[in-house]
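Chain by chain, the residues run as shown.
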Amino acid sequence: MTESRTLPPEALNEWSAALAERFGLAEADIPIALILDLARDVANGVARPAAPLSAFVAGLVAGRAGGTPADTAAAVAAVVEMARGWETP
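Residues numbered from 1 in each chain as written. Predicted model: local features only at pLDDT ≥ 70, side-chain atom pairs only at ≥ 80, totals over all residues. Heavy atoms only, no water.

1. Quick word on the nonpolar core
Here is step 1: Counting residues in each nonpolar core, the largest one holds ten residues, listed as Leu38, Val42, Ala50, Ala58, Ala62, Ala75, Val76, Val79, Val80 and Ala83.
Here is step 2: Mapped onto this core, the elements with two or more residues apiece are helix 2 (32–45), helix 3 (50–65) and helix 4 (69–84).
Here is step 3: With five residues, helix 4 is the largest single contributor of residues to this core.
Here is step 4: Setting aside residues no more than four positions away along its own chain, Ala62 makes contact with Gly67, Asp71, Thr72 and Ala75. (Core = buried A, V, L, I, M, F, W, Y, C linked by side-chain atoms within 4.5 Å. Buried < 20%, exposed > 50% of the residue type's maximum accessible area, 1.4 Å probe, protein only. Helix = DSSP H or I, 4+ residues; strand = E, 2+ residues; numbered from the N terminus. Contact = heavy atoms within 4.5 Å.)

Next up, the structure:
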């Protein structure tokens with residue numbers, strides 16, 4: 001069984017920097033606060049398991065749109081808007 005680990009906020013900076021280095025990204029390409037806010041809004045508005053799925057979809061949409069910071073912000077905003085209006089069927 002894998003142990004669950006909770007990272008302190010500053011550890012996300014290190015993880016983000018490692019991801020950026022590994023995949024040739026600028027650290028600014030990884031908007032930590034924006035993604036954490038997306039996860040919070042989706043977890044509260046839809047369901048906790050929907051948060052990582054939604055972050056993946058937002059990234060996919062942003063990448064297909066061009067991958068700029070503005071594309072990322074727009075994709076995240078669209079997902080958050082959906083989550084805030086979500087009513088369980």
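The structure having been displayed, the exposition proceeds.
2. As for a nonpolar patch on the surface
Here is step 1: Residues Leu53, Phe56, Val57, Leu60 and Val61 make up a contiguous nonpolar surface patch of roughly 460 Å² in combined accessible area.
Here is step 2: Mapping Leu60 onto the fold places it in helix 3.
Here is step 3: A residue is classified by how much of its surface remains accessible, and Leu60, at 36% relative accessible area, is partly exposed. (Patch = residues over 30% accessible without salt bridge, like charges linked within 9 Å, V, L, I, M, F, W, Y side chains within 5 Å. Areas by Shrake-Rupley, 256 points an atom, 1.4 Å probe, with all protein chains shown as cover. Salt bridge = Lys/Arg side-chain N within 4 Å of Asp/Glu carboxyl O.)

3. Some thoughts on the packing of helix 2 against helix 4
Here is step 1: Two numbers describe how helix 2 lies on helix 4: the axes approach to 8 Å, and their chain directions differ by 15°. By the angle between their axes, helix 2 is roughly parallel relative to helix 4. For the crossing formed where helix 2 meets helix 4, the hand is left-handed. Residues Leu34, Ile35, Leu38, Asp41, Val42 and Gly45 of helix 2 form the contact with helix 4, whose participating residues are Thr72, Ala73, Val76, Val79, Val80, Ala83 and Arg84.
Here is step 2: Here the residues of the contact of helix 2 with helix 4 sort into nine nonpolar, two polar and two charged. (Axes fitted to C-alpha atoms, helices over the stretch in contact; angles between N-to-C directions. Parallel < 35°, antiparallel > 145°, perpendicular 65-115°, else oblique. Left-handed = near helix turned anticlockwise from the far one by under 90°. Nonpolar A, V, L, I, M, F, W, Y, C, P; charged D, E, K, R; others polar.)

4. Concerning the environment of Val76
Here is step 1: Within the secondary structure, Val76 is located in helix 4.
Here is step 2: When the C-alpha atoms of Val76 and Thr6 are compared, they prove to be 24 Å apart, with 70 residues separating the residues in sequence.
Here is step 3: For Val76, the contacting residues outside a window of four places in its chain are Leu34, Ile35, Leu38 and Ala58.

5. Description of the confidence of the model for the protein
Here is step 1: Taken residue by residue, the protein gives an average pLDDT of 90. The fraction at 70 or more is 91%.
Here is step 2: Confidence, expressed as mean pLDDT per element, reaches its minimum in the protein at helix 1 (residues 9–23) with 89 and its maximum at helix 3 with 97. (pLDDT = per-residue confidence, 0-100.)

6. Structural notes on the packing of helix 2 against helix 3
Here is step 1: The interhelical angle for the contact between helix 2 and helix 3, taken along N-to-C directions, is 130°, at an axis separation of 8 Å. Relative to helix 3, the element helix 2 is oriented oblique. Here helix 2 runs over helix 3; the crossing is right-handed. Side by side, helix 2 and helix 3 meet where Ile35, Leu38, Ala39, Val42 and Ala43 of the first sit next to Ala50, Ala51, Ser54, Ala55 and Ala58 of the second.

7. Focus on the environment of Ser54
Here is step 1: For Ser54, the location among the structural elements is in helix 3.
Here is step 2: Judged by its relative accessible area of 14%, Ser54 is buried.
Here is step 3: Spatially, the C-alpha atoms of Ser54 and Val42 are 7.4 Å apart, while their sequence positions differ by twelve residues.
Here is step 4: If we ignore the near neighbours within four places in the chain, the residues touching Ser54 are Leu38, Val42 and Val79.

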